[in-house]
Amino acid sequence: MKKIAVYGKGGIGKSTIVSNMAVALSQQGYRVMQIGCDPKADSTIALRHGEPLPTVLETFRQKKNDFSAEEIVRIGYAEVICVEAGGPVPGMGCAGRGIITALEKVEAKGIYEKYCPDIVFYDVLGDVVCGGFSMPMRSGYADKVYIVTSGENMSIYAAANIATAIQNFRGRGYASLGGVILNRRNVKRETEKVLELCVDFQTGITGILKFSELIQDADERKLTLMEAYPDSDIAESFRRLVQRVIIN
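This one's a predicted model, so the numbers in the text were calculated from it and none came from an experiment.

Here is what the cut-offs are and how they apply
- Residues numbered from 1 in each chain as written.
- Predicted model: local features only at pLDDT ≥ 70, side-chain atom pairs only at ≥ 80, totals over all residues.
- Heavy atoms only, no water.
- Helix = DSSP H or I, 4+ residues; strand = E, 2+ residues; numbered from the N terminus.
- Expected span 1.5 Å × (residues − 1).
- Buried < 20%, exposed > 50% of the residue type's maximum accessible area, 1.4 Å probe, protein only.
- Pairing = 2+ DSSP bridges.
- Contact = heavy atoms within 4.5 Å.
- Axes fitted to C-alpha atoms, helices over the stretch in contact; angles between N-to-C directions.
- Core = buried A, V, L, I, M, F, W, Y, C linked by side-chain atoms within 4.5 Å.
- Parallel < 35°, antiparallel > 145°, perpendicular 65-115°, else oblique.
- Nonpolar A, V, L, I, M, F, W, Y, C, P; charged D, E, K, R; others polar.

Caption draft 1: Spotlight on helix α1 (residues 14-27). An ideal rise of 1.5 Å per residue puts 20 Å on 14 residues; α1 measures up with 20 Å between its terminal C-alpha atoms. Across the 14 residues that make up α1, a large majority, 13, are buried.

Next up, the structure:
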């Protein structure tokens with residue numbers, strides 16, 4: 001089982017990218033699980049066509065430990081296995097601590113063993129990399145971390161913070177940096193700025209995704225691009241991207 005954590009600044013398109021990667025891999029014969037690690041609990045919404053999914057933390061608050069794996073799992077488009085960690089009650093509790101609790105419950109309920117995925121994606125909010133938000137990097141969870149960024153300054157700043165955290169964890173058996181995924185926003189010197197980031201952290205650009213209105217259209221319809229526009233050029237970009245991730 002290959003475990004991959006995908007980080008990036010909020011709003012950078014990370015969940016959309018992860019969902020399309022999950023579909024691309026599933027269509028190539030892999031059994032894929034996607035775990036949303038964001039209090040908004042919307043990582044897998046396009047895979048579920050907007051269908052509600054009880055989060056791990058919501059279910060735990062209501063039932064303590066008296067719930068089954070099936071209650072917090074849905075099978076989405078292309079047979080992708082969907083889980084959402086969720087977050088604390090607004091104004092109460094710590095979102096980071098919630099991620100820790102949710103991932104511990106996923107493990108305790110034997111979800112990995114029950115569904116036997118070949119590939120697990122952790123879709124993680126990357127504005128902060130502390131406490132529970134670093135949990136997917138830790139030993140026993142992800143093997144590799146990929147960072148999604150554009151050439152926008154705040155996105156580059158967040159990506160640098162994430163890469164620094166990975167460096168700081170080096171030597172503890174934590175996940176290593178697999179590479180950077182450039183999600184274009186068509187800003188000046190975009191590729192150059194991301195390449196400079198890669199040089200600083202001794203990594204490379206794993207894939208480049210061009211800005212596409214097709215992705216926005218699919219999102220509004222609560223579909224993945226891979227479902228809505230499977231024959232598009234951008235869909236082919238996702239297929240090339242996941243091949244690089246698998247080879248890595």
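Caption draft 2: Representation of the sheet that holds strand β8 (residues 205-209). One open sheet holds the eight strands; their spatial order is β3-β4-β2-β5-β1-β6-β7-β8, and the pairing between them is mixed. The two strands at the open ends of the sheet, each matched to only one other strand, are β3 (74-75) and β8. Taken together, the four bridges between strand β7 (residues 176-183) and β8 define a ladder with parallel strand orientation. Note that in β8 the partner of Asn183 across the bridge is Leu209. Running over the sheet, helix α3 (residues 95-108) touches β2 (32-37), β4 (81-84) and β5 (119-125) and is turned about 155° from β2. Of the strands in this sheet, β1 (2-8), β5, β6 (144-149), β7 and β8 are in contact with helix α9 (residues 233-247), which crosses β8 at around 170°.

Caption draft 3: Spatial organisation of the nonpolar core. Ile35 and Tyr122 are the most contacted members of the largest nonpolar core, which totals 48 residues. The biggest single contributor to this core is helix α5 (residues 153-168), with six residues. In this structure Tyr122 touches Lys3, Ile4, Ala5, Val6, Ile35, Cys37, Leu103, Tyr112, Pro136, Tyr141 and Ala142, once residues within four positions along its chain are discounted. Residues Ile4, Ile17, Val18 and Met21 belong to the second largest nonpolar core, which totals 30 residues.

Caption draft 4: Seen up close, unusual backbone geometry. One non-glycine residue, Ala41, lies in positive phi territory at about 55°. In this fold, Ala41 is placed in the loop between β2 and α2 (56-63). The backbone of Gln202 sits at a positive phi, close to 50°, despite the residue not being glycine. Within the element layout of this structure, Gln202 appears in the loop between α6 (190-200) and β8.

Caption draft 5: Spatial organisation of the packing of α1 against α9. It is the contact of α1 with α9, at a shortest axis distance of 9 Å, that shows an interaxial angle of 80°. Classified by the interaxial angle, the pair formed by α1 and α9 is roughly perpendicular. Residues Ile17, Asn20, Met21, Ala24 and Leu25 of α1 form the contact with α9, whose participating residues are Phe238, Leu241, Val242, Val245 and Ile246. Across the contact of α1 with α9, the residue classes break down as nine nonpolar, one polar and no charged.

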